Amino acid sequence: IPEEKFFIESEVQTTGDISRPDHFYIHGNAKSQEDLSFIISSRDETIEKLERNLNQQLNSMQDMQGEMTCLIERQRIKAKKVSSAQKFKEERLNKLVVSMREDLQANEMRSKKQDTHLKECKVYIQELADELEKVLKIVKRAKDGGFLQNCN
């Protein structure tokens, strides 16, 4: 690999290699061009692995985001159905309540009429009882007075 194709962060020349000015070290780790190539290829492999891992994570996140969007939409539809069903039940129950109130009012009217009729009947019965009492008193007086004899 030509020297122009790789990046050297800093050049350090050690005291033992003063006679070899073309031999550079990257922070003292690389001792030769092969070591430098190995380090770069290892770094490239690591970067590729990290990129693959990152892509997998991104794909996984996108799949999860798609699933969440689908779940949210499904939940919205379910809530809409439940809301619609609840609204239908509420309307039906409201109609039932209105109908029952109407029936109650009709029953109350009938009950008031029956109460009035019952009071009238009681008054009439009382009048008849009073009349019967008067008749019995008259019959008793007549019997006591001798006007009635053996009525059997």
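Scroll up for the structure.
This one's a predicted model, so the numbers in the text were calculated from it and none came from an experiment. (Residues numbered from 1 in each chain as written. Predicted model: local features only at pLDDT ≥ 70, side-chain atom pairs only at ≥ 80, totals over all residues. Heavy atoms only, no water.)

Along its length, the chain carries one helix and zero strands. Here the chain, with 152 residues, has 5% of them falling under the buried criterion. Accessible area of the chain: about 14,300 Å², with a carbon and sulfur share of 56%. (Helix = DSSP H or I, 4+ residues; strand = E, 2+ residues; numbered from the N terminus. Buried < 20%, exposed > 50% of the residue type's maximum accessible area, 1.4 Å probe, protein only. Areas by Shrake-Rupley, 256 points an atom, 1.4 Å probe, with all protein chains shown as cover.)

Before going further, it helps to examine the pattern of salt bridges. This structure, assessed with the given rule, holds four salt bridges. With a shortest N-O distance of 3.1 Å, Asp 44 and Arg 43 are connected by a salt bridge. A residue is classified by how much of its surface remains accessible, and Asp 44, at 32% relative accessible area, is partly exposed. Look at Arg 43 and you get partly exposed, because its relative accessible area is 48%. Taking the shortest distance from any N to any O, the salt bridge between Glu 133 and Lys 137 comes out at 3.7 Å. Of the two residues, Glu 133 and Lys 137 are both situated in helix α1 (residues 33-144); the distance of four residues between them amounts to about one turn of the helix. The exposure class of Glu 133 is partly exposed, given its relative accessible area of 43%. (Salt bridge = Lys/Arg side-chain N within 4 Å of Asp/Glu carboxyl O.)

Let us now look at a nonpolar patch on the surface. Together, Leu 132, Val 135, Leu 136 and Val 139 make up an exposed nonpolar region whose accessible area comes to about 350 Å². Position of Leu 136 relative to the elements: it lies in helix α1. When its relative accessible area of 53% is taken as the criterion, Leu 136 is described as exposed. (Patch = residues over 30% accessible without salt bridge, like charges linked within 9 Å, V, L, I, M, F, W, Y side chains within 5 Å.)

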